[in-house]
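Results of the structural survey
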Amino acid sequence: MSTQVEREGRGTSALTTPAGRLAALARAEFTLLGRSKATLLTAVLIPLVLPFSLRSVVDGMDVQEEGLSVGLVLMPAAIGFALLFGVYSALVGIYTTRREELVLKRLRTGEPRDVEILCGAALPVGVIGIMQSLVLVAGSAVLLDLPAPRAPHLAVLGLLLGLVMCAALAAVTAAVTRTVESAQVTTLPFVLVSMTLSGVTVPLEMLPDRFASLCELLPLSPVITLVRGGWTGTLSTYEALGALGTALAWTVLAVFAVGRWFRWEPRR
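Residues numbered from 1 in each chain as written. Predicted model: local features only at pLDDT ≥ 70, side-chain atom pairs only at ≥ 80, totals over all residues. Heavy atoms only, no water.

Focus: the pattern of salt bridges
Under the definition given, this model contains six salt bridges. In this structure, the salt-bridge partner of Glu29 is Arg98, at a minimum N-O distance of 3.0 Å. Highlighted residues: Glu29 in helix α2 (residues 18-35) and Arg98 in helix α5 (residues 70-100), separated in sequence by 69 residues. Here the two residues Glu29 and Arg98 agree in accessibility, since each one is buried. For Lys105, the salt bridge goes to Glu265, with nearest N and O atoms at 3.9 Å. Pair noted here: Lys105 is in helix α6 (residues 103-108) and Glu265 is in the segment after α13 (237-261), with a separation of 160 residues, a long-range link. Overall, the relative accessible area of 45% leaves Glu265 in the partly exposed class. Via salt bridges that share partners, Arg21, Glu111 and Glu116 belong to a single interconnected network. (Salt bridge = Lys/Arg side-chain N within 4 Å of Asp/Glu carboxyl O. Helix = DSSP H or I, 4+ residues; strand = E, 2+ residues; numbered from the N terminus. Buried < 20%, exposed > 50% of the residue type's maximum accessible area, 1.4 Å probe, protein only.)

Printed below as a string of structure tokens:
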């Protein structure tokens, strides 16, 4: 599997532009992603199935008291699952696999820059994440009577920030992941914390105020806030800027950590 990326990486020597090198790496990763059934299961099926398991839980909540509906709870949750499993978890496995197979090390000896190598690996799952989100929104509109978004720019901004942040956090996690098998363990803290405390399974509006204020500082919380706020239209400018600032802070921190601690050679 690694030879496909290596051939594409060496082939980028004739592609003198960053866009050309990035496109070549992304094509190779798309090919490998299609051959990996385990990665496809994590990246595609799980985010589409998990939201259905929450329907009975949300039906038992008094979401109407918070000005929400079942659709306004499940749709952002579904996008959260797509980011957690389709982008973050899948990408940790991809980065770890490529590193342990010496693909990353060999690519660094060629023309592609470090950021191009990492972004090339992330592009396929990023595209899948966007496509999943569109499918989930369309499905929610049909099955859950989800209304049209009142501030669509906030939802789009939240999704894009979530994609970049989860990709950067995946690279950070891969740096401390020794093997592909151990990736199932190293990804658990972020996945579990985000699912339970970032408004994915339980809206932050339903938590005690002081506790909710702390949960708003978690990485995925501003993404869910912006996506849900894009549909409700109830986010004030102050709240939107606060969520945006939190998401950007986590993204910048993650990018710094990648540049400082990402490992390009196998962990022995």
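Points about the packing of helix α3 (residues 37-53) against α5
Taken N-terminus to C-terminus, the directions of α3 and α5 make an angle of 165°; their axes are 8 Å apart at the nearest point. If you check the angle between α3 and α5, you find them roughly antiparallel. Seen from above, α3 lies across α5 with right-handed handedness. Counted together, Thr39, Thr42, Ala43, Ile46, Pro47, Leu50 and Pro51 of α3 and Leu74, Ala78, Phe81, Ala82, Phe85, Gly86, Ser89, Ala90 and Ile94 of α5 form the full contact between these two elements. (Axes fitted to C-alpha atoms, helices over the stretch in contact; angles between N-to-C directions. Parallel < 35°, antiparallel > 145°, perpendicular 65-115°, else oblique. Left-handed = near helix turned anticlockwise from the far one by under 90°. Contact = heavy atoms within 4.5 Å.)

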